[in-house]
Amino acid sequence: MKKMQNGQAYPFLTPFMILVSIFYIVPAILTIAMSLTGLDSSFVWEWNNFNNYRKILLDPNTGKIVLNTVVFVGCAIALTIVLDLVIAVLVTYFIKNESISSFFKSLIMIPMITPAVVYSVLWIWLLDASENGVVNQLYMGVTNSAIPLNWIAKYPMQIVVMATVLTSLGFGAINFSSAIKSIPEDQFKAARIDGAGEWEIVSGIILPNIRYHIQFIALWETLGLLTNYVTIMLITDGGPSMQTEVWALSAYHKAFTNQQYGYGAAISMVLIFVVMVLMLLLNKVTSRRDA
Amino acid sequence: MAKKMLSRSEAKNQRRAVIAITLFCLPIVALYFTFFHLAFIDPDTGALTLRNFQFLYTTMDKKLTQISPIGPAMKNTVLFSVVVTACEVVISCMAGYALSRLRFTGRKVIQNMLLVLRMFPNLLLLIGVLYVLMTLKLSNSLTGVILVAIAFRIPGSTFIIKNHFDGIPRDIENSCLVDGCTRFSAFRQVIIYLVKPGLASISIFSFLSAWSNYILFNTLIFNSKTPVIATYLKSLSRPEQMIVDYNTFAAMAIVYVLPVLVFFVISQKALMKGNINGGKGV
Amino acid sequence: MIRIENLRMEFDKGAVALDDINLEIEKGEFIALLGPSGCGKSTTLNCMAGLLDPTSGRVFFAGEDVTKKAPKDRNIGMCFQSYALYPHLTVLDNIAFPLKQKGVSKEERREKARKIAEKLQISHLLARKPSQLSGGQQQRVAMCRALVKEPDVLLLDEPMSNLDARLKIEIREVIKKLQQELKVTSVIVTHDQEEAMAIADKIAILSEGKIQQYDTPEHLYEYPVNLFVANFMGNPPMNFIDAKIDSRDGETVLMVGETPVRLKKELQDKLSVHLGEPVEIGVRSHQAYLTERGDNSLKMVVSMVENLGKELLVTGEINGNHMRITLEETERFAELYQRIGNQEKPLWVNFGSRLNVFGGEGKVNWAL
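What you see is a predicted model, and the numbers here were worked out from it, not measured in a lab.

**Quick word on the overall build of chain B**
Moving on, step 1. Within chain B, the secondary structure is distributed over 11 helices and two strands.
Moving on, step 2. Each helix and strand of chain B, ordered N terminal to C terminal, gives the series α-β-β-α-α-α-α-α-α-α-α-α-α.
Moving on, step 3. For chain B, buried positions account for 52% of its 282 residues.
Moving on, step 4. Intrachain contacts of chain B at a sequence separation of at least 6 include 73% that bridge at least 24 residues.
Moving on, step 5. By element, 65% of the accessible surface of chain B is carried by carbon and sulfur atoms, the whole surface being about 13,000 Å².

In structure tokens form, the structure reads like this:
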């Protein structure tokens, strides 16, 4: 039984291993190395005695960026989970008609599959600061005020949170929906015979049954929100005046806008460390969910 | 499946739920719908027009600038998406099969690595990746971006397809071997058909993500010689100021998004069908 | 036709699945490998098929050593528990699949597939996909596929365990008839002793990776070599009564509590060497009979009477041991029913002449 099939397996794995080594493992090692140097656009490798990490601690903006990150991730995750659950329960438990429910599921996924470049302009256009902006037209119509508002300048964090939440709804809602579908129908029948109302069924049967899925999605989305900065970058680019600058975006800015590769790498490393801890948790949740 | 009969209260709840979710979705739908309105309706006359689509074949003169036609960007995007999807599916299929079915030295290590890589925030490694590409003299080239795009997605795809391979009963494979197949011909004639839903889902997601990829081009390509639609559109729309009017942009966005939407709608059906037929009678 | 020599199989973590299996199967014979789950019967079959490589030992087909050969080079047909039909192919293409691998032309293989399908009465299903078939139909398709290439050896891995009882009997007849007609050497793996008895010429009973007994069904039933085999064969299962070998008035007897059971001369000779040892008497339900007090009989208090239609199944206790007897006189049901739990109205049971006596280490049948 324990006959090795190395000869067969390795050819199958070679392309995978090559790509993973070149674009994950080597860059990871490079990032660690870079974070210990003052590497910039002149590409001189020079050990700088943990200066980058010291710089992070001393940077007056660090506190603000951490706070932004926490607020952004915290709000987005809470909203996402709640909306995911509501949508999943609605389209799976209450809407029994398969085609109606899959129609709405597809609809929810549209922001997710819209290319980020288009999606962000959609928001910018919606919130256009001039009197032609859609939201401004609504706003001026309702309040009778004559002055249009510059929404993005005024509520940048709220806007990026909303925009991000909308793109992440699809994944979680679909996930929860299939989890709810796998709850045996008999449990619902039994509950109904025992006199449970719809709310008791949702809170007493559906939620406990999918609790590991909820944990999983919460952690998974947290990982995504912490590290994926594209939506913010395209809508506000961290502005105005760093109000929406989150940790991952600041790493990108330092490295690619300011070409401080070493410093950017150090900022990335800090986040990678946090992410590693989350991944450990996620693995635990996954194994419990699949048990 | 027989159509389920709903009790009166269930039907009532269903109606309520449909109303609730419709109210939620309405703004999203309206938003996308206005894009069509912007693109096709002349703001002055209110008539149907294709004037906003001139970028498809010719240079458009605007107040601030000239807009070059979308052709080269379109070509690059199609090339990029097709190559990335094809390579990704093939590579992850091979790796997933080996990890699921063959036993070899280091199997456990690679499996654990896959678990980590699948979740790893690859965007945080872009600095290192850029350095690797420069060392390989691949930076600033489409080839480089293609390689990175494939690499960034194969752990996830491999993980998904491996799970599908894991779900194939041993008996089916044994049956092939007894019926006269080698491992390879069994893979080609039977196994591949059993993971069709998995293949469909990884190719769909791979294509969608490749088609809309922006960050890799923005980060790894510094000139405008290899535009893709994403960077082309981005260059025309800055957060501070739109270079083009929204009508033209909407037209461009429709050209960009339509393939994605069509593909999505088609594949949705395929996915559903695959799942229904794949599970039974195996 | 098939010879297995000293087959041994160890799995990854050192667990021994097969321990020194030896088996010889004549050409055209139908053999059953019978045992509880985990006994190694499927492992043995997979070694014959070449799907598993044994740790040591050899497998011969018609005198040729095939131990190192790939499954496809052994010319075997195999039928799996889950049927393992290819879901993307039609029934016709499923059946023709093995021939396709041999490079048989499309026309010819379809012709052959149709012929075998006709034999198994599934001609009307050929255009369907496996998912549109019932379990019994899938089973027949799997049989067709296994037989279409006219294999030297037919291997059946629990082919009927997913069918309901009625269908089982039907398919079992089909398989038996087909096997006799084609005279293909066949091995079936099953955990159902009734199925094995019905279908096989010879049965190998396995437990814990060892063959306990390899014999004809009749022999296994009448002369089980040890307690395990005796326990496994027959329904209702054999009764086991605790006893002790003793000697009374110059005769060797079995003491059940304080009551002696007298034995035939032949059996006395065999048991006399084990004088004083504790044993278990094995009695078949239909071989024991009701009689008068004093006729070499034991007292049984009735605890339950069931009417099985063609016979009565009477359950009771003899000296603290569970005992079942079957009676053909179904009209006695009401009378026996009255006796349930009644200590004053016990039955008197004679064990009959075909006694099995299990004793010693491994509970060997000393009556043989």
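**Some details on unusual backbone geometry**
Residue and element names in this part refer to chain C.
Moving on, step 1. Backbone torsion omega between N235 and P236 reads 0 degrees, so that peptide bond is classified as cis.
Moving on, step 2. Within the secondary structure, P236 sits in the loop between helix 8 (227-232) and strand 11 (239-248).
Moving on, step 3. The phi dihedral of N75 is positive, around 50 degrees, even though this residue is not glycine.
Moving on, step 4. Here the phi dihedral of E158 falls at roughly 45 degrees; this positive angle occurs in a residue that is not glycine.
Moving on, step 5. Within the secondary structure, E158 sits in the loop between strand 7 (153-157) and helix 5 (165-182).
Moving on, step 6. The exposure class of E158 is buried, given its relative accessible area of 9%.

**Section: the packing of helix 5 (residues 142-166) of chain B against helix 8 (residues 196-211) of chain B**
Residue and element names in this part refer to chain B.
Moving on, step 1. The geometry of helix 5 relative to helix 8 is characterised by a closest axis approach of 9 Å and an angle of 165 degrees between their N-to-C directions. Here helix 5 lies roughly antiparallel to helix 8, going by the angle between them. You can see that helix 5 and helix 8 cross each other, and the crossing is right-handed. Together, R153, S157, I160, I161 and H164 of helix 5 and P197, G198, L199, S201, I202, F205, S206 and S209 of helix 8 make up the contact between the two elements.
Moving on, step 2. Counted by class, the contact of helix 5 with helix 8 contains six nonpolar, six polar and one charged residues.

**Some words on a nonpolar patch on the surface**
Residue and element names in this part refer to chain B.
Moving on, step 1. Taken together, the side chains of F36, L258, V262 and I266 define a hydrophobic patch exposed on the protein surface, amounting to about 340 Å² of accessible area.
Moving on, step 2. Tallying contributions element by element places helix 11 (residues 246-279) first for the nonpolar patch, with three residues.
Moving on, step 3. With respect to the secondary-structure elements, F36 resides in helix 1 (residues 8-40).
Moving on, step 4. On the basis of relative accessible area, F36 is assigned to the partly exposed category, the value being 34%.

**Here's the deal with the domain arrangement of chain C**
All names here are of chain C.
Moving on, step 1. Segmentation of chain C into domains returns domain 1 (2-232) and domain 2 (239-365).
Moving on, step 2. Each partner contributes to the interface: domain 1 provides nine residues, whereas domain 2 provides 12 residues.
Moving on, step 3. Between domain 1 and domain 2, a total of about 900 Å² is buried, with carbon and sulfur atoms accounting for 51% of that surface.
Moving on, step 4. On the domain 1 side of the contact with domain 2, Y221, E222 and L227 bury the most area, a combined 55% of that side's loss.
Moving on, step 5. Here domain 1 is connected to domain 2 by one salt bridge.
Moving on, step 6. Here E222 makes a salt bridge to R354, at a shortest N to O gap of 3.5 Å.
Moving on, step 7. If you look at where domain 1 meets domain 2, you find six residue pairs in polar contact (both at pLDDT 80 or more).
Moving on, step 8. Listed by contribution, the elements that provide at least two residues to the side of domain 1 that touches domain 2 are helix 7 (217-222) and helix 8.
Moving on, step 9. Looking at the side of domain 1 that touches domain 2, the element that brings in the most residues is helix 8, giving three residues.
Moving on, step 10. Taken together, the residues of the side of domain 1 that touches domain 2 break down into six nonpolar, two polar and one charged.

**Considering the sheet that holds strand 7 of chain C**
Residue and element names in this part refer to chain C.
Moving on, step 1. In spatial order, the strands read 6-7-8-3-9-10; together these six strands make up an open sheet with mixed pairing. The sheet is open, and its two borders are formed by strand 6 (76-79) and strand 10 (210-215), each paired with just one other strand. Shown here is a sheet whose adjacent strand axes are inclined to one another by a mean of 15 degrees, direction ignored.
Moving on, step 2. Pairing of strand 6 with strand 7 involves four bridges; the strand directions are parallel. Across the sheet, residue G77 finds its bridge partner in strand 7, namely L154.

**Observations concerning the pairing of strand 7 of chain C**
The side chains of a regular strand alternate between both faces of the sheet.
All names here are of chain C.
Moving on, step 1. Summarising burial for strand 7: five of the five residues are buried, a large majority.
Moving on, step 2. Across the two faces of strand 7 the burial is the same, with V153, L155 and D157 and L154 and L156 all buried.
Moving on, step 3. Direction of pairing for strand 7 relative to strand 8 (residues 185-190): parallel, over a ladder of five bridges. By the bridge assignment for strand 8, L155 is matched with V187.
Moving on, step 4. Following the chain from strand 7 across helix 5 to the adjacent parallel strand 8, one finds a crossover that is right-handed.

**Some thoughts on the sheet that holds strand 4 (residues 56-61) of chain C**
All names here are of chain C.
Moving on, step 1. Pairing in this open sheet of four strands is antiparallel, and the strands run 2-1-4-5 from one edge to the other. Looking at the sheet topology across the chains shown, the edges are occupied by strand 2 (16-25) and strand 5 (64-65).
Moving on, step 2. The strands touched by helix 1 (residues 41-49) are strand 1 (2-10), strand 2 and strand 4; relative to strand 2, the strand with the most contacts, the crossing angle is about 60 degrees.

**Section: helix 11 (residues 211-227) of chain A**
Moving on, step 1. With 17 residues, helix 11 of chain A ought to run about 24 Å at 1.5 Å a step, and its terminal C-alpha atoms sit 25 Å apart, in line with that.
Moving on, step 2. Among the residues making up helix 11 of chain A, those that are buried are H213, I214, F216, I217, L219, E221, T222, L223, L225, L226 and T227 of chain A.
Moving on, step 3. Looking at the buried side of helix 11 of chain A, the elements it contacts are helix 3 (62-94), helix 8 (156-181), helix 10 (198-209), helix 13 (247-257) and helix 14 (261-290) of chain A together with helix 3 (107-119) of chain B.

**Remarks on the side chain of Q193 of chain C**
Residue and element names in this part refer to chain C.
Moving on, step 1. Along the chain, Q193 falls in helix 6 (residues 193-199).
Moving on, step 2. Among the residues examined, Q193 registers a relative accessible area of 12% and is labelled buried.
Moving on, step 3. Among residues more than four places away in sequence, those in contact with Q193 are L34, F232, M233, G234 and N235.

Reading the values: the criteria
Residues numbered from 1 in each chain as written. Chains lettered and ligands numbered in written order. Predicted model: local features only at pLDDT ≥ 70, side-chain atom pairs only at ≥ 80, totals over all residues. Heavy atoms only, no water. Helix = DSSP H or I, 4+ residues; strand = E, 2+ residues; numbered from the N terminus. Buried < 20%, exposed > 50% of the residue type's maximum accessible area, 1.4 Å probe, protein only. Contact = heavy atoms within 4.5 Å. Areas by Shrake-Rupley, 256 points an atom, 1.4 Å probe, with all protein chains shown as cover. Axes fitted to C-alpha atoms, helices over the stretch in contact; angles between N-to-C directions. Parallel < 35°, antiparallel > 145°, perpendicular 65-115°, else oblique. Left-handed = near helix turned anticlockwise from the far one by under 90°. Nonpolar A, V, L, I, M, F, W, Y, C, P; charged D, E, K, R; others polar. Patch = residues over 30% accessible without salt bridge, like charges linked within 9 Å, V, L, I, M, F, W, Y side chains within 5 Å. Salt bridge = Lys/Arg side-chain N within 4 Å of Asp/Glu carboxyl O. Domains from an automatic or database assignment. Buried area = accessible area lost by both parts, 1.4 Å probe. Polar contact = N/O pair within 3.5 Å; in protein donor to acceptor, adjacent residues only side chain to side chain. Pairing = 2+ DSSP bridges. Right-handed = clockwise from strand over helix to strand, strands pointing away. Expected span 1.5 Å × (residues − 1).

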